[in-house]
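As a plain string of letters, each chain reads:
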Amino acid sequence: MISSLSPNGKARVFVTGGAGYIGSHVVKALGEAGYEVRTYDNLSSGNRWAVLHGDLFTGDLGDRISLKSAMEDFDPHAVMHFAAYIEVAESVTRPLKYYRNNTVNALNLLEVVQELGIRNFIFSSTAAVYGMPEEIPVREEAPLFPINPYGASKAMTERLLADLSEANDDFNYIALRYFNVAGADPQGRIGQSYENATHLITRALKTAKGEFDLLQIFGTDYDTPDGTCIRDYIHVDDLAAAHLSSLNYLLGNGIGDRFNCGYGHGYSVREVIEVARKVTGVDFPVAEAPRRAGDPPILVADSGKIRRTMNWIPRFDDLEYIVRTAWEWERTLPKK
Ligand code: UFG
(Lines give C-alpha, C1' and ligand atoms only; values in the text may rest on other atoms or scores of the structure.)
Protein backbone atom coordinates (compact mmCIF):
# COMPACT_ATOMS: atom_id res chain seq x y z
CA MET A 1 0.00 0.00 0.00
CA ILE A 2 1.43 3.40 -0.92
CA SER A 3 -0.64 6.07 0.72
CA SER A 4 -1.20 9.45 -0.83
CA LEU A 5 0.02 12.45 1.13
CA SER A 6 -2.18 14.72 3.20
CA PRO A 7 -3.70 17.74 1.44
CA ASN A 8 -0.78 19.93 2.59
CA GLY A 9 1.66 17.53 0.93
CA LYS A 10 2.95 16.21 4.25
CA ALA A 11 3.14 12.67 5.48
CA ARG A 12 0.94 11.15 8.19
CA VAL A 13 2.79 9.82 11.20
CA PHE A 14 1.42 7.35 13.72
CA VAL A 15 3.13 7.80 17.09
CA THR A 16 2.96 5.22 19.86
CA GLY A 17 3.68 6.75 23.25
CA GLY A 18 3.07 10.26 21.94
CA ALA A 19 1.67 11.33 25.31
CA GLY A 20 4.93 10.53 27.11
CA TYR A 21 7.93 12.76 27.77
CA ILE A 22 9.95 12.27 24.58
CA GLY A 23 7.01 11.27 22.39
CA SER A 24 5.11 14.45 23.21
CA HIS A 25 8.07 16.63 22.22
CA VAL A 26 8.26 14.78 18.90
CA VAL A 27 4.49 15.18 18.35
CA LYS A 28 4.97 18.89 19.01
CA ALA A 29 7.78 19.08 16.43
CA LEU A 30 5.79 17.06 13.87
CA GLY A 31 2.71 19.22 14.33
CA GLU A 32 4.71 22.44 14.06
CA ALA A 33 6.29 21.15 10.85
CA GLY A 34 2.84 20.48 9.37
CA TYR A 35 2.72 16.70 9.60
CA GLU A 36 -0.54 14.98 10.38
CA VAL A 37 -0.11 13.07 13.61
CA ARG A 38 -2.04 10.44 15.49
CA THR A 39 -0.90 9.43 18.95
CA TYR A 40 -1.63 5.96 20.27
CA ASP A 41 -1.03 5.75 24.01
CA ASN A 42 -2.48 3.83 26.95
CA LEU A 43 -1.82 6.81 29.24
CA SER A 44 -0.08 4.56 31.78
CA SER A 45 2.63 7.16 32.18
CA GLY A 46 1.69 9.67 29.48
CA ASN A 47 -0.76 12.53 29.77
CA ARG A 48 -3.58 13.67 27.55
CA TRP A 49 -2.55 17.33 27.99
CA ALA A 50 0.91 16.57 26.60
CA VAL A 51 -0.41 15.81 23.11
CA LEU A 52 -0.26 19.24 21.49
CA HIS A 53 -1.08 18.20 17.92
CA GLY A 54 -3.26 15.71 16.08
CA ASP A 55 -5.57 13.28 17.79
CA LEU A 56 -5.05 10.86 20.63
CA PHE A 57 -6.24 7.29 20.39
CA THR A 58 -6.26 5.68 23.83
CA GLY A 59 -5.24 2.06 23.55
CA ASP A 60 -2.72 -0.52 24.55
CA LEU A 61 -0.04 -1.99 22.32
CA GLY A 62 -1.06 -5.42 23.56
CA ASP A 63 -4.52 -4.91 22.07
CA ARG A 64 -4.01 -5.72 18.40
CA ILE A 65 -7.58 -5.03 17.40
CA SER A 66 -7.53 -1.54 18.82
CA LEU A 67 -4.05 -0.90 17.46
CA LYS A 68 -4.89 -2.06 13.98
CA SER A 69 -8.10 -0.10 13.76
CA ALA A 70 -6.35 3.09 14.97
CA MET A 71 -3.62 2.65 12.40
CA GLU A 72 -5.67 1.42 9.45
CA ASP A 73 -8.10 4.26 9.67
CA PHE A 74 -5.24 6.81 9.80
CA ASP A 75 -3.30 5.24 6.90
CA PRO A 76 0.15 6.48 8.01
CA HIS A 77 3.30 6.80 5.91
CA ALA A 78 5.45 6.16 8.94
CA VAL A 79 5.23 4.83 12.47
CA MET A 80 7.30 6.21 15.34
CA HIS A 81 7.46 3.88 18.30
CA PHE A 82 8.12 5.44 21.72
CA ALA A 83 5.77 3.53 24.00
CA ALA A 84 7.95 1.55 26.41
CA TYR A 85 9.02 1.17 30.02
CA ILE A 86 12.24 2.99 30.78
CA GLU A 87 13.44 2.36 34.33
CA VAL A 88 16.69 0.43 34.36
CA ALA A 89 16.47 -0.53 38.04
CA GLU A 90 12.88 -1.72 37.75
CA SER A 91 13.81 -3.80 34.72
CA VAL A 92 16.25 -5.73 36.88
CA THR A 93 13.59 -6.67 39.43
CA ARG A 94 10.71 -7.08 36.96
CA PRO A 95 12.34 -8.31 33.73
CA LEU A 96 9.26 -9.92 32.22
CA LYS A 97 7.35 -6.67 32.45
CA TYR A 98 10.06 -5.14 30.26
CA TYR A 99 10.30 -7.97 27.76
CA ARG A 100 6.50 -8.05 27.49
CA ASN A 101 6.08 -4.36 26.79
CA ASN A 102 9.33 -3.41 25.12
CA THR A 103 9.89 -6.52 23.02
CA VAL A 104 6.68 -8.56 22.69
CA ASN A 105 4.47 -5.51 22.19
CA ALA A 106 6.96 -4.14 19.66
CA LEU A 107 6.60 -7.43 17.79
CA ASN A 108 2.83 -7.01 17.93
CA LEU A 109 3.17 -3.54 16.50
CA LEU A 110 5.48 -4.73 13.73
CA GLU A 111 3.03 -7.44 12.74
CA VAL A 112 0.30 -4.84 12.36
CA VAL A 113 2.69 -2.57 10.46
CA GLN A 114 3.41 -5.50 8.11
CA GLU A 115 -0.25 -6.37 7.67
CA LEU A 116 -1.01 -2.79 6.68
CA GLY A 117 2.02 -2.50 4.38
CA ILE A 118 3.52 0.48 6.22
CA ARG A 119 7.06 1.01 4.97
CA ASN A 120 8.75 3.34 7.40
CA PHE A 121 9.45 2.82 11.08
CA ILE A 122 11.41 4.89 13.60
CA PHE A 123 12.29 3.23 16.86
CA SER A 124 13.27 4.73 20.23
CA SER A 125 16.34 2.78 21.21
CA THR A 126 18.83 3.57 23.91
CA ALA A 127 22.51 3.81 24.76
CA ALA A 128 21.73 1.01 27.21
CA VAL A 129 22.06 -1.45 24.31
CA TYR A 130 25.86 -1.01 24.52
CA GLY A 131 26.20 -1.99 28.17
CA MET A 132 29.70 -0.96 29.26
CA PRO A 133 31.32 0.06 25.98
CA GLU A 134 35.07 -0.46 25.68
CA GLU A 135 35.63 2.61 23.54
CA ILE A 136 34.41 6.09 24.36
CA PRO A 137 32.88 7.90 22.56
CA VAL A 138 30.90 4.85 21.55
CA ARG A 139 30.22 4.28 17.86
CA GLU A 140 27.18 2.52 16.43
CA GLU A 141 29.35 -0.38 15.30
CA ALA A 142 30.35 -1.21 18.89
CA PRO A 143 29.14 -4.64 20.04
CA LEU A 144 25.84 -4.72 21.90
CA PHE A 145 26.24 -6.17 25.38
CA PRO A 146 23.33 -4.79 27.39
CA ILE A 147 23.81 -5.24 31.12
CA ASN A 148 20.17 -4.98 32.21
CA PRO A 149 16.80 -6.22 30.92
CA TYR A 150 15.82 -2.71 29.82
CA GLY A 151 18.78 -2.51 27.43
CA ALA A 152 18.29 -6.13 26.36
CA SER A 153 14.60 -5.59 25.63
CA LYS A 154 15.49 -2.68 23.32
CA ALA A 155 18.40 -4.52 21.70
CA MET A 156 16.05 -7.41 20.88
CA THR A 157 13.65 -5.03 19.20
CA GLU A 158 16.51 -3.59 17.18
CA ARG A 159 17.24 -7.14 16.07
CA LEU A 160 13.60 -7.69 15.07
CA LEU A 161 13.78 -4.55 12.97
CA ALA A 162 17.04 -5.51 11.32
CA ASP A 163 15.76 -8.97 10.44
CA LEU A 164 12.45 -7.65 9.17
CA SER A 165 14.05 -5.07 6.92
CA GLU A 166 16.52 -7.66 5.65
CA ALA A 167 13.65 -9.94 4.69
CA ASN A 168 11.48 -7.26 3.23
CA ASP A 169 12.55 -4.68 0.63
CA ASP A 170 9.45 -2.62 1.33
CA PHE A 171 10.28 -2.08 4.97
CA ASN A 172 12.80 0.43 6.20
CA TYR A 173 13.64 1.53 9.73
CA ILE A 174 15.80 3.76 11.83
CA ALA A 175 16.70 3.00 15.43
CA LEU A 176 17.75 6.09 17.36
CA ARG A 177 19.90 5.28 20.36
CA TYR A 178 19.19 7.96 22.90
CA PHE A 179 21.78 9.02 25.42
CA ASN A 180 20.68 11.06 28.47
CA VAL A 181 17.63 13.00 27.41
CA ALA A 182 16.68 16.01 29.51
CA GLY A 183 15.18 19.50 29.36
CA ALA A 184 11.70 20.63 28.42
CA ASP A 185 9.74 22.69 25.96
CA PRO A 186 11.16 26.24 26.24
CA GLN A 187 7.61 27.59 26.05
CA GLY A 188 6.74 25.58 29.16
CA ARG A 189 3.87 23.56 27.63
CA ILE A 190 5.30 20.08 28.15
CA GLY A 191 8.09 18.36 30.07
CA GLN A 192 8.89 15.35 32.22
CA SER A 193 6.21 14.45 34.74
CA TYR A 194 6.75 10.88 35.90
CA GLU A 195 5.90 9.53 39.28
CA ASN A 196 9.08 8.65 41.18
CA ALA A 197 11.49 10.06 38.62
CA THR A 198 14.97 8.61 39.04
CA HIS A 199 16.98 10.62 36.51
CA LEU A 200 19.75 12.84 37.79
CA ILE A 201 18.61 16.24 36.50
CA THR A 202 15.01 15.69 37.55
CA ARG A 203 16.06 14.45 41.01
CA ALA A 204 18.39 17.42 41.42
CA LEU A 205 15.63 19.88 40.52
CA LYS A 206 13.09 18.19 42.78
CA THR A 207 15.64 18.39 45.58
CA ALA A 208 16.12 22.10 44.90
CA LYS A 209 12.33 22.41 45.03
CA GLY A 210 12.24 20.74 48.44
CA GLU A 211 10.65 17.44 47.44
CA PHE A 212 13.69 15.52 48.69
CA ASP A 213 15.96 16.31 51.62
CA LEU A 214 19.11 15.69 49.64
CA LEU A 215 20.47 14.37 46.38
CA GLN A 216 22.55 11.23 46.51
CA ILE A 217 25.64 10.92 44.33
CA PHE A 218 25.81 7.28 43.34
CA GLY A 219 29.50 6.46 43.32
CA THR A 220 32.46 8.79 43.80
CA ASP A 221 35.24 6.29 43.12
CA TYR A 222 34.88 5.83 39.37
CA ASP A 223 37.89 6.19 37.12
CA THR A 224 36.85 9.64 35.94
CA PRO A 225 38.40 13.06 36.69
CA ASP A 226 36.16 13.79 39.70
CA GLY A 227 35.23 10.18 40.52
CA THR A 228 31.59 10.43 39.41
CA CYS A 229 29.91 9.04 36.28
CA ILE A 230 29.94 10.97 33.03
CA ARG A 231 26.94 11.15 30.70
CA ASP A 232 26.09 12.82 27.41
CA TYR A 233 23.01 15.00 28.11
CA ILE A 234 20.89 15.92 25.09
CA HIS A 235 18.02 18.40 25.02
CA VAL A 236 14.70 16.73 24.21
CA ASP A 237 13.99 19.21 21.38
CA ASP A 238 17.26 18.32 19.66
CA LEU A 239 16.25 14.70 19.97
CA ALA A 240 12.85 15.56 18.50
CA ALA A 241 14.60 17.22 15.57
CA ALA A 242 16.59 14.02 15.03
CA HIS A 243 13.27 12.20 14.60
CA LEU A 244 12.11 14.64 11.96
CA SER A 245 15.44 14.29 10.16
CA SER A 246 15.05 10.51 10.33
CA LEU A 247 11.54 10.73 8.93
CA ASN A 248 12.64 12.87 5.99
CA TYR A 249 15.54 10.55 5.42
CA LEU A 250 13.33 7.46 5.29
CA LEU A 251 10.67 9.14 3.16
CA GLY A 252 13.48 10.15 0.79
CA ASN A 253 14.47 6.47 0.51
CA GLY A 254 17.50 6.74 2.78
CA ILE A 255 19.03 3.46 3.89
CA GLY A 256 17.75 2.25 7.25
CA ASP A 257 20.28 2.19 10.05
CA ARG A 258 21.02 2.86 13.71
CA PHE A 259 22.15 6.23 14.96
CA ASN A 260 23.44 7.55 18.27
CA CYS A 261 21.67 10.62 19.58
CA GLY A 262 23.93 12.57 21.87
CA TYR A 263 26.21 15.59 21.58
CA GLY A 264 29.51 13.73 21.76
CA HIS A 265 30.73 15.09 25.08
CA GLY A 266 29.74 14.51 28.64
CA TYR A 267 29.38 15.97 32.13
CA SER A 268 30.03 14.33 35.46
CA VAL A 269 27.40 14.00 38.16
CA ARG A 270 29.18 16.70 40.18
CA GLU A 271 29.21 19.04 37.17
CA VAL A 272 25.47 18.53 36.67
CA ILE A 273 24.88 19.31 40.34
CA GLU A 274 26.86 22.55 40.06
CA VAL A 275 24.82 23.64 37.05
CA ALA A 276 21.55 22.69 38.81
CA ARG A 277 22.56 24.75 41.86
CA LYS A 278 23.44 27.71 39.67
CA VAL A 279 20.23 27.58 37.63
CA THR A 280 17.93 27.10 40.62
CA GLY A 281 19.84 29.42 42.95
CA VAL A 282 19.43 26.75 45.64
CA ASP A 283 22.49 25.25 47.30
CA PHE A 284 20.67 21.96 47.91
CA PRO A 285 22.41 19.30 50.00
CA VAL A 286 24.07 16.27 48.45
CA ALA A 287 25.39 13.07 50.00
CA GLU A 288 27.93 10.68 48.65
CA ALA A 289 26.45 7.20 48.30
CA PRO A 290 27.62 3.82 47.01
CA ARG A 291 27.61 3.05 43.31
CA ARG A 292 24.24 2.24 41.74
CA ALA A 293 24.14 -1.22 40.16
CA GLY A 294 24.56 -1.29 36.40
CA ASP A 295 25.95 2.22 35.88
CA PRO A 296 28.69 2.42 33.24
CA PRO A 297 31.36 4.96 34.35
CA ILE A 298 31.28 6.93 31.11
CA LEU A 299 28.65 6.94 28.38
CA VAL A 300 29.26 9.43 25.61
CA ALA A 301 28.05 9.16 22.03
CA ASP A 302 30.05 9.39 18.88
CA SER A 303 27.37 11.34 17.07
CA GLY A 304 29.26 11.74 13.81
CA LYS A 305 27.04 9.36 11.89
CA ILE A 306 23.73 11.17 12.37
CA ARG A 307 25.40 14.53 11.79
CA ARG A 308 26.97 13.35 8.51
CA THR A 309 24.10 11.26 7.20
CA MET A 310 21.18 13.50 8.00
CA ASN A 311 22.86 16.82 8.49
CA TRP A 312 21.48 16.91 12.04
CA ILE A 313 22.81 19.99 13.79
CA PRO A 314 22.02 20.30 17.50
CA ARG A 315 20.72 23.67 18.62
CA PHE A 316 20.77 23.32 22.40
CA ASP A 317 24.17 21.82 23.19
CA ASP A 318 24.40 23.72 26.46
CA LEU A 319 23.89 22.01 29.81
CA GLU A 320 22.78 25.21 31.48
CA TYR A 321 20.05 25.69 28.89
CA ILE A 322 18.95 22.08 29.29
CA VAL A 323 18.72 22.41 33.06
CA ARG A 324 17.03 25.82 32.85
CA THR A 325 14.23 24.57 30.60
CA ALA A 326 13.78 21.54 32.88
CA TRP A 327 13.68 23.83 35.93
CA GLU A 328 11.13 26.20 34.40
CA TRP A 329 8.95 23.18 33.67
CA GLU A 330 9.51 21.60 37.08
CA ARG A 331 8.35 24.79 38.79
CA THR A 332 4.99 24.55 37.05
CA LEU A 333 4.36 21.13 38.64
CA PRO A 334 2.76 20.95 42.07
CA LYS A 335 5.19 20.15 44.85
CA LYS A 336 4.71 16.58 46.05
N1 UFG B 1 22.67 9.66 39.61
C2 UFG B 1 23.00 10.07 40.88
N3 UFG B 1 21.99 10.40 41.72
C4 UFG B 1 20.69 10.34 41.38
C5 UFG B 1 20.35 9.91 40.08
C6 UFG B 1 21.37 9.58 39.21
O7 UFG B 1 24.17 10.13 41.25
O8 UFG B 1 19.81 10.63 42.21
C9 UFG B 1 23.75 9.33 38.67
C10 UFG B 1 23.65 7.91 38.15
O11 UFG B 1 24.25 7.00 39.05
C12 UFG B 1 24.39 8.05 36.83
C13 UFG B 1 24.07 9.48 36.38
O14 UFG B 1 23.64 10.15 37.55
O15 UFG B 1 25.76 7.95 37.04
C16 UFG B 1 22.95 9.55 35.36
O17 UFG B 1 21.87 8.76 35.84
P18 UFG B 1 20.41 8.85 35.24
O19 UFG B 1 19.55 7.95 36.05
O20 UFG B 1 20.01 10.27 35.07
O21 UFG B 1 20.58 8.28 33.78
P22 UFG B 1 21.23 6.90 33.27
O23 UFG B 1 22.57 7.27 32.71
O24 UFG B 1 21.20 5.83 34.27
O25 UFG B 1 20.16 6.47 32.21
C26 UFG B 1 20.26 6.83 30.90
C27 UFG B 1 18.89 6.71 30.26
C28 UFG B 1 18.47 5.29 30.22
C29 UFG B 1 19.56 4.48 29.57
C30 UFG B 1 20.87 4.66 30.30
C31 UFG B 1 21.99 3.92 29.68
O32 UFG B 1 17.94 7.47 30.97
O33 UFG B 1 17.29 5.19 29.48
O34 UFG B 1 21.20 6.00 30.29
O35 UFG B 1 23.02 3.76 30.62
F36 UFG B 1 19.24 3.19 29.64
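Everything numeric here is computed off the predicted structure, so don't read it as measured data. (Residues numbered from 1 in each chain as written. Predicted model: local features only at pLDDT ≥ 70, side-chain atom pairs only at ≥ 80, totals over all residues. Heavy atoms only, no water.)

**Student:** Explain the domain arrangement of the chain here, please?
**Tutor:** Size of an interface: often given as the accessible area lost when the parts come together. With domains assigned, the chain is organised as domain 1 (12-182 + 233-261) and domain 2 (200-231 + 264-330). When each unit is reduced to the centre of its C-alpha atoms, the spacing between domain 1 and domain 2 is 24 Å. The interface of domain 1 with domain 2 comprises 32 residues on the first partner and 29 residues on the second. When the buried surface of domain 1 facing domain 2 is broken down by residue, Tyr233, His235 and Asp238 rank first, second and third, together holding 30% of it. Applying the counting criterion to the domain 1 and domain 2 interface returns two salt bridges. Applying the counting rule to domain 1 against domain 2 returns nine residue pairs in polar contact (both at pLDDT 80 or more). For the side of domain 1 that touches domain 2, the elements supplying multiple residues, two or more each, are strand S6 (172-178), strand S7 (180-182), strand S10 (233-235), helix H7 (236-251) and strand S11 (257-261). Element by element, the count of residues in the side of domain 1 that touches domain 2 is highest for H7, at seven residues. (Domains from an automatic or database assignment. Contact = heavy atoms within 4.5 Å. Buried area = accessible area lost by both parts, 1.4 Å probe. Salt bridge = Lys/Arg side-chain N within 4 Å of Asp/Glu carboxyl O. Polar contact = N/O pair within 3.5 Å; in protein donor to acceptor, adjacent residues only side chain to side chain. Helix = DSSP H or I, 4+ residues; strand = E, 2+ residues; numbered from the N terminus.)

**Student:** Help me out: how do you make sense of the nonpolar core in this one?
**Tutor:** One recurring pattern in soluble globular proteins is that nonpolar side chains are buried together. Judged by nonpolar contacts, the single largest core of 62 residues is most densely connected at Ile22, Leu30, Met80 and Ile201. Among the elements that line this core, the one with the most residues is H7, at eight residues. Sequence-distant contacts of isoleucine 201, defined by excluding residues within four places in its chain, comprise Ala182, Tyr233, Val272, Leu319, Ile322, Val323 and Ala326. Grouped together as the second largest cluster of nonpolar side chains are 22 residues, Ala83, Leu116, Phe123 and Leu164 included. (Core = buried A, V, L, I, M, F, W, Y, C linked by side-chain atoms within 4.5 Å. Buried < 20%, exposed > 50% of the residue type's maximum accessible area, 1.4 Å probe, protein only.)

**Student:** Looking at this structure, how should I read the environment of glutamine 187?
**Tutor:** Along the polypeptide, glutamine 187 turns up in the loop between S7 and helix H6 (200-209). For the pair glutamine 187 and threonine 325, spaced 138 residues apart in the sequence, the C-alpha separation amounts to 8.6 Å.

**Student:** Whenever I open this one, the sheet that holds S11 confuses me. Can you help?
**Tutor:** Whether parallel or antiparallel, the strands of a sheet pair through hydrogen bonds between backbone atoms. If you trace the seven strands from one edge of the open sheet to the other, you get S3-S2-S1-S4-S5-S6-S11, paired in parallel fashion. One side of each edge strand has no neighbouring strand; the edge strands of this open sheet are strand S3 (55-58) and S11. The sheet shows a mean angle of 20° between the axes of neighbouring strands, taken without regard to direction. Relative to strand S5 (residues 120-126), strand S4 (residues 78-81) runs parallel, the two being bridged by four bridges. Following the sheet pairing, alanine 78 is matched in S5 by asparagine 120. Packed onto the sheet, helix H1 (residues 21-32) meets strand S1 (12-16), strand S2 (36-41), S4 and S6 and runs at close to 165° relative to S2. Across the sheet, H7 touches S1, S4, S5, S6 and S11, and the angle it forms with S6 is around 165°. (Pairing = 2+ DSSP bridges. Axes fitted to C-alpha atoms, helices over the stretch in contact; angles between N-to-C directions.)

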